[in-house]
Amino acid sequence: MTGGFDAFWAVFAREVRGAVRSRTALLLTFVTTLVVLGLARAGSGPSAGYVPTVVDVLLVVEVLVPAVAFAVGYRAIADEAVRGTLDVLATYPLSPWTYVLGVYAGRAVVLLVVVLSPLAILGSLVAVSAGPATTVFAAHRGVDSPLLFVRFGALTAAFALSTLAMAVAVSALADSRRRAILLALAGLLVVVVGADLSVVRALTGGVGIELDTLVALSPASAYRGLVFETVLSVAYAERSGFVSVSAAVVSLVAWGLCSVVVASLAVRARRA
Amino acid sequence: MTETYLRGTDLRRTFGDVTALAGVSIEIPAGSVVALVGPNGSGKTTLLRILSRLLSPTDGSVTYEGPPAVRPLGYLPQAPAFRPGFTAAETAAFYARLVDDDPTELLERVGLGGVPDRPVEGLSGGMTRLLGIAQSLAGDPPVLALDEPASGLDPTMSRRVFDIVEALSDDGHAVVVTSHDLPLVERAADRIVVLDRGAVVAADTPEGLRERTGGPLYETFTALVDTDDEVATRTEATR
């Protein structure tokens, strides 16, 4: 008898294989690379070092990553529902949780390749074009380092995974491809600007929560804050205090986990 | 006496104000083919989906009484579609892996053993239906629910599909199938359940139904689903 892990692996492998054969992932990687490298080149960041490069690309990456995540995930489950595959899979010993995790993990591999490949190329570009001061590991404030860029990549990966979970949840809630597109656009707006606006509104309303914690509630703000706190902070003499690091980490994890739960419940609700 | 594998009792299903199914009871015995026939909108697919546990009944219950199985019920949707970019063998392998089955054997059972490397987009309508049947057989489920397995197929392919259906019942499976193809149903089914407006208006063997009018099955079918009053009377009588 097959186990839960075998079922997970079957779904996971199918997602990865499907993406590898599709040209969409390749196209997304190409476009993302062009945008990121073009932006960094325009800002002359690579010749100045890792931290200046992060400053150059941060704002665009903050918008680009959710856009790519939604592009990778918005049809992940909606297409299966439209094809009737979810009905068929309901007759197999495959729980909604296992199925959603398999889909999510498979798409996550694809997304990480799309998002991290341009950053890896950009990091390599900095390594060959920046001055010798950038090759040391930062031990104190004011020192540039490849380690800081790796940290930026890791935070970007975490942000990407969190927003992908939201895209998969949106996909599970859609009952047609058209609705999947509409929900994905709405979800993207929420991630990119909606949550930030809510935070601002909450601030003006005086909700009694510390500013650095409140900012962390929005996934984009949490990501931005973590980059400021753990990557760009070397440029500041004092602690920046943009965001509560622990609150921002919890926020990104919570957005991701809650979205996976929502997706699983939506798939389960389709069953009798 | 033949063992019942699947039983639906007093099944009722409404969609808003519309009653799609009104108190239907049905048994699917082992080693037999039960065909659900009726005009469009009569509740065939609703009943099949409820029996397959893909749709909850508003009232009533479905019980599986067959042998313990990894996958008690296999399901073929009305219009099976598969993820593009994969071959027939890869598609079968995906479903087979979920229940630890042999994908090559699944394809061979439905006559697709010769085209394992063909992309699913390149399969004809009939071949796609056969791949759907192969999928429904994964894990060797004791009960098979097939929604219009021969719909839209040419006569040769339709016969081939129903040959497979007959072979499955000969192997001891309990098969419930919806269809509009009365000649094929007449040939393959052990029992025919006629539905109209969500109710069973007749349930008998093909011979028993034919004897009602003395003509072909089509005449009995037309007579059964002809008028509202007749339907209502027979609904009460055949419950």
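Structural data are supplied above this passage.
This one's a predicted model, so the numbers in the text were calculated from it and none came from an experiment.

## Observations concerning the packing of helix H8 (residues 146–173) of chain A against helix H11 (residues 219–230) of chain A
Residue and element names in this part refer to chain A.
- Two elements in contact, H8 and H11, have axes separated by 10 Å at closest approach and are oriented at 170 degrees. By the angle class used here, H8 and H11 are roughly antiparallel. Of the residues in H11, those in contact with Leu148, Arg151, Phe152, Leu155, Thr156, Phe159 and Met166 of H8 are Pro219, Ala220, Tyr223, Leu226, Val227 and Thr230.
- Taken together, the residues that form the contact of H8 with H11 break down as ten nonpolar, two polar and one charged.

## Looking at a nonpolar patch on the surface
- On the surface, Leu27(A), Phe30(A), Val31(A), Leu34(A) and Val35(A) cluster together into a nonpolar patch covering about 470 Å² of accessible area.
- Residue class for Val31(A) comes out partly exposed when judged on its relative accessible area of 40%.

## Some thoughts on the packing of aromatic side chains
- Under the definition given, this model contains ten aromatic pairs over all chains.
- When the ring of Phe94(B) is compared with that of Tyr95(B), the centres are 5.0 Å apart and the planes differ by 70 degrees; the resulting orientation is edge-to-face.
- In textbook terms, an aromatic cluster arises when at least three aromatic residues are bridged by ring pairs, as seen for Phe5(A), Phe8(A), Trp9(A) and Phe12(A).
- Above the face of the Phe94(B) ring, Arg14(A) is positioned so that its terminal group lies 4.0 Å from the ring centre.

## Some points on a negative patch on the surface
Residues and elements named next belong to chain B.
- Taken together, Asp102, Glu105, Glu108, Asp140, Asp170, Asp171 and Asp190 make up a surface patch of like negative charges.
- Secondary-structure assignment places aspartate 102 in the loop between helix H2 (88–98) and helix H3 (103–109).
- Judged by relative accessible area, which is 35%, aspartate 102 ranks as partly exposed.

## Points about the interface of chain A and chain B
- Opposite the 27 residues of chain A that make contact, chain B presents 26 residues.
- The junction of chain A with chain B conceals about 2400 Å² of combined surface from both sides, 59% of it contributed by carbon and sulfur atoms.
- Contact with chain B buries area across many residues of chain A, yet Arg83(A), Thr91(A) and Tyr92(A) alone supply 27% of it, more than any other trio.
- For the pair chain A and chain B, the interface holds four salt bridges.
- We note a salt bridge from Asp87(A) to Arg49(B), for which the minimum N-O separation is 2.8 Å.

Thresholds applied
- Residues numbered from 1 in each chain as written.
- Chains lettered and ligands numbered in written order.
- Predicted model: local features only at pLDDT ≥ 70, side-chain atom pairs only at ≥ 80, totals over all residues.
- Heavy atoms only, no water.
- Axes fitted to C-alpha atoms, helices over the stretch in contact; angles between N-to-C directions.
- Helix = DSSP H or I, 4+ residues; strand = E, 2+ residues; numbered from the N terminus.
- Parallel < 35°, antiparallel > 145°, perpendicular 65-115°, else oblique.
- Contact = heavy atoms within 4.5 Å.
- Nonpolar A, V, L, I, M, F, W, Y, C, P; charged D, E, K, R; others polar.
- Patch = residues over 30% accessible without salt bridge, like charges linked within 9 Å, V, L, I, M, F, W, Y side chains within 5 Å.
- Areas by Shrake-Rupley, 256 points an atom, 1.4 Å probe, with all protein chains shown as cover.
- Salt bridge = Lys/Arg side-chain N within 4 Å of Asp/Glu carboxyl O.
- Buried < 20%, exposed > 50% of the residue type's maximum accessible area, 1.4 Å probe, protein only.
- Phe/Tyr/Trp six-rings, centres within 6.5 Å; stacked < 30°, edge-to-face > 60°.
- Lys NZ or Arg CZ within 6 Å of the ring centre and 35° of its normal.
- Lys, Arg positive; Asp, Glu negative; His and termini not counted.
- Charge placed at Lys NZ, Arg CZ, Asp CG, Glu CD.
- Buried area = accessible area lost by both parts, 1.4 Å probe.

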